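# Coordinate analysis (summary)
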Amino acid sequence: MTDLGLPDDILACLFDLDGVVTRTAAVHAAAWKELFDAFLRERDGDAFRPFTGTDYDQYVDGRPRADGVRTFLASRDIALPEGAPDDPPGVRTVHGLGNRKNELLLARIRTDGVAAYDGTLRYIDAVRARGLRTAIVSSSANCRDVLRSIGAEDLFDVRIDGVVAAERGLPGKPEPDTFLAAARELGVPPSRSAVFEDALAGMDAGRAGHFGYVVGVDRVGQADALYAHGADRVVTDLDELQRGT
């Protein structure tokens, strides 16, 4: 292992955004809860079963927005029309609910701002100083704006986000396609690329893509689940990789 905590043959590092680089996973979770609780309350009345943290981890976290809507609703045996990507926020379609979630998310970001994980930024600086290539791989359509807001856009050689995935027709996590696209653009085979993820869907993608090393970043106390979904190593902060802890 190198002093970066990675196997010697790793040449590229592929980082998720929310929960790995930025402290936005909790903001996403709150926006999803606000969306689904309002929808379920309207549908089922005061006896509705609220959206929970477990629901977020299992059905939504790390997935493209529309996939998160579909997967959670399916878990409650609820079917809605697909609608169109430009459906007005809140319309009772998959895309309408997804657009309402994005509206709620952006409102929270405007109010509270976005913060980065300093340990991750230090680690990325160290990775780049060793000559390794870097990519950001996110299901978020707001990825570029978020990176710019924290001054981190230049830390990545390649960006594969929700906008790029939609343009190219790439399925989102837990499928490995977005990570594979990032490795391909970096000119590095998956077997010599490391994935850094906090979501279970991201772990599944890393395993499915046969990447050389998969690091689970445990921000919420789910280390066992991250290992079960394919992590080679789980840390609470990327600084731990350099410290060798």
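For the structure given in this document, a descriptive report is provided here. (Residues numbered from 1 in each chain as written. Predicted model: local features only at pLDDT ≥ 70, side-chain atom pairs only at ≥ 80, totals over all residues. Heavy atoms only, no water.)

## A word on the packing of aromatic side chains
Definition in use: Only Phe, Tyr and Trp rings are paired, with Trp represented by its six-membered ring, and only when their centres lie within 6.5 Å; those with planes under 30 degrees apart are stacked, over 60 edge-to-face, the remainder tilted. Over a ring means this: the NZ of a Lys or the CZ of an Arg is within 6 Å of the ring centre and within 35 degrees of the ring normal.
Applying the stated rule across the entire model yields eight aromatic pairs. What links up through ring pairs into an aromatic cluster is the set F15, Y123, F156 and F196. Of note, R219 hangs over the ring of Y117, and the distance from its end group to the ring centre comes to 3.4 Å.

## Focus on the packing of helix α1 (residues 25-44) against helix α4 (residues 94-112)
What counts here: In this description, a line fitted to the C-alpha atoms serves as the axis of each element, helices being fitted only across the stretch in contact, and the angle between N-to-C directions of two axes falls anywhere from 0 to 180 degrees. The helix and strand labels rest on DSSP assignments: H or I over at least four residues marks a helix, E over at least two residues marks a strand, and numbering proceeds from the N terminus. Here the word oblique covers every angle except those under 35 degrees (roughly parallel), over 145 (roughly antiparallel) and from 65 to 115 (roughly perpendicular). In this scheme the handedness of a crossing depends on how the near helix is turned from the far one: anticlockwise by less than a right angle means left-handed, clockwise means right-handed. The contact criterion used throughout is that any non-hydrogen atoms of two residues lie within 4.5 Å. Under the grouping applied here, Gly and all other residues not named as nonpolar or charged are polar, the nonpolar ones being Ala, Val, Leu, Ile, Met, Phe, Trp, Tyr, Cys and Pro and the charged ones Asp, Glu, Lys and Arg.
Direction vectors running N to C along α1 and α4 enclose 135 degrees, while the axes themselves pass 9 Å from each other. Between α1 and α4, the interaxial angle falls into the category oblique. Note that α1 runs across α4; the crossing there is right-handed. Here V27, H28, A30, A31, W32, E34, L35 and F39 of α1 lie close against α4, whose contacting residues are L97, R100, K101, L104, L105, R108 and I109. Broken down by class, the residue content of the contact of α1 with α4 amounts to 10 nonpolar, one polar and four charged.

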